[in-house]
Amino acid sequence: MSTSGVDTVCVIGTGLIGGSLALALKRAGFCRQIIGAGRTEQTLIRAVELGVIDSYDTQIANAVVGADIVVVCVPLGAMHAAFEQINAGKDQDIVVTDAGSAKQSVIRDAESIFGAGYPNFVPGHPIAGTERSGVGAAFAELYRQRRVILTPTEDTSTAAVDRVRAMWEAAGASVDTMSAEHHDLVLAGTSHLPHLLAFGLVDCLNNLEDIDEIFCFAAGGFRDFTRIASSDPVMWRDICLSNREQVMAMMKRYRDEMEKMYRALEEYDGEKLKEVFERAKRVRDAFCG
Ligand code: NAP
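Numbering of residues starts from 1 in every chain and runs along the sequence as written. Reporting of local features is limited, given that this is a predicted model, to residues whose pLDDT is at least 70; pairs of side-chain atoms are given and counted only at 80 or more, and all residues count toward the totals for whole chains, interfaces and linings. For the side-chain quantities, the full set of heavy atoms in the structure was used; hydrogens and water were omitted.

(A) Representation of the domain arrangement of the protein within the structure. Partitioning the protein into domains gives domain 1 (8-178) and domain 2 (183-288). Where each domain starts and ends comes from a domain assignment, either automatic or drawn from a database. Between domain 1 and domain 2, the C-alpha centre-to-centre distance is 31 Å. A contact between two residues is defined here by any heavy atoms of the two lying within 4.5 Å. Facing 16 residues of domain 1, the contacting portion of domain 2 comprises 14 residues. Of the roughly 1,200 Å² buried where domain 1 meets domain 2, counting both sides, 60% is carbon and sulfur surface. Taken as a group, Leu76, Ser101 and Glu131 account for 39% of the area that domain 1 buries against domain 2, more than any other trio of residues on that side. Between Lys or Arg on one side and Asp or Glu on the other, a salt bridge is scored when a side-chain nitrogen of the former is within 4 Å of a carboxyl oxygen of the latter. For the pair domain 1 and domain 2, the number of links is one salt bridge. Across the pair Arg227 and Glu131 runs a salt bridge whose closest N-O atoms are separated by 2.7 Å. Contacts described as polar in this section are N or O atom pairs within 3.5 Å, which, within protein, must combine one atom able to donate a hydrogen with one able to accept it, while residues neighboring in sequence count only if both atoms come from side chains. The tally of links from domain 1 across to domain 2 stands at six residue pairs in polar contact (both at pLDDT 80 or more). Residue assignment for the side of domain 1 that touches domain 2 shows that the elements contributing at least two residues are helix H5 (104-114) and strand E7 (124-127). Only DSSP runs of H or I reaching four residues or more are called helices, and only runs of E reaching two or more are called strands; each is numbered from the N terminus. It is H5 that contributes the most residues to the side of domain 1 that touches domain 2, three residues altogether. Partitioning the side of domain 1 that touches domain 2 into residue classes produces six nonpolar, seven polar and three charged. What gets called buried area is simply the loss in accessible area from a 1.4 Å probe that two parts show on being joined, summed for both. Each residue gets one of three labels, nonpolar for Ala, Val, Leu, Ile, Met, Phe, Trp, Tyr, Cys and Pro, charged for Asp, Glu, Lys and Arg, and polar for the others, Gly among them.

(B) Examining unusual backbone geometry more closely. Despite not being glycine, Gln145 has its phi angle at roughly 60°, a positive value. For Gln145, the position within the fold is in the loop between E7 and strand E8 (147-150). Residues other than glycine seldom take positive phi values, yet Tyr268 does so here, at roughly 50°. Mapped onto the secondary structure, Tyr268 falls in the loop between helix H10 (244-266) and helix H11 (270-288). You can call Tyr268 exposed: its relative accessible area is 79%. Each residue is placed in one exposure class: buried if its accessible area under a 1.4 Å probe, protein chains only, is under 20% of its type's maximum, exposed if it is over 50%, and partly exposed if it falls in between.

(C) Just the sheet that holds strand E9 (residues 174-177), in detail. One bridge is not enough; two strands pair if DSSP finds at least two bridges between them. Overall, mixed pairing links the three strands, which are arranged E7-E8-E9 in an open sheet. Unpaired on one side and paired on the other, E7 and E9 mark the two borders of the sheet. Geometrically, the sheet is characterised by an average inter-axis angle of 25° between neighbouring strands, direction not taken into account. Two strands pair when backbone bridges link them, and E8 and E9 are joined in this way by four bridges, in the parallel orientation. Within E9, the position partnered with Leu150 by the bridge is Thr177. Where helix H6 (residues 158-170) meets the sheet, its contacts fall on E7, E8 and E9, and the angle it forms with E8 comes to roughly 165°. In this description, a line fitted to the C-alpha atoms serves as the axis of each element, helices being fitted only across the stretch in contact, and the angle between N-to-C directions of two axes falls anywhere from 0 to 180 degrees.

(D) A look at the side chain of Thr8. Mapped onto the elements of the fold, Thr8 is located in strand E1 (residues 6-12). Residue classification places Thr8 among the buried residues on the basis of a relative accessible area of 3%. Ignoring any residue separated from it by four or fewer positions in sequence, one finds Thr8 in contact with Arg32, Gln33, Ile35, Gly66, Ala67, Asp68 and Ile69.

Listed below in structure tokens is the structure:
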């Protein structure tokens, strides 16, 4: 199995994530052609018009025939059905990977279709994105200097991992591997919880009946904190449900932190508040610096 460039990549779901990958791979000359597939023909026509893909097939089972790599970039709730259709068309050598934001649920879906022990499925997750979605939001630089996490199972072949690694590196990313369990725990804290907080804050403020002009007085801090509440609701519903237990565990920890700060306010404990703020500022400055 060659790990450098390949002939054909098939992208299922040509939205922000799949479309950006296709554009980056084209720019890097990683493959001769990119075939798209998905739910809505209009999206696929638009993807051809924008030069994101070379051609498309509305039937996933047809689109995957002859592909060297199939990359599934649909919402998590649509993965199982996409795998079913891939299975109807693929031969044994095709490497299948995905971009889903939670990994244990995708592995369960893949194993239920391809069978446990299938060596050519490589679970993956690019740690890159924006609050926008759809093919019109795709851009070739999305993955440049960003990280991609692969979570191979003990049955995943090294050759398949190497092929998917080469693809993401061609798109400009650096690739790490870890267990799916660890991935889901880490991302529950750094991505899934922040999205819930942003959605929750905007909804909470919107429900304040007595202060209806509240958003008129929102400034930069509010914009920064809530930018991700403009993300796609269906995608985030699926992510939260797919990684439900880890997200709930993180929410409990965050609730404890909020309780601590609530008590500090009740008790006029400025020292306690300052201690938390200083610690958080140090960590955030180091992360961004
Ligand atoms: P997106 O821009 O909304 O694109 C999703 C694509 O999937 C669209 O082409 C859509 O086609 C297609 N699709 C939607 N529902 C489908 C279904 N039921 N069956 C088949 N195709 C369907 O979303 P995205 O941001 O690219 O996210 C795609 C995947 O990447 C998700 O699994 C997400 O968890 C993951 N991810 C997202 C980010 C992020 O920040 N956005 C980051 C990392 C990973 P239509 O035109 O028919 O809607």
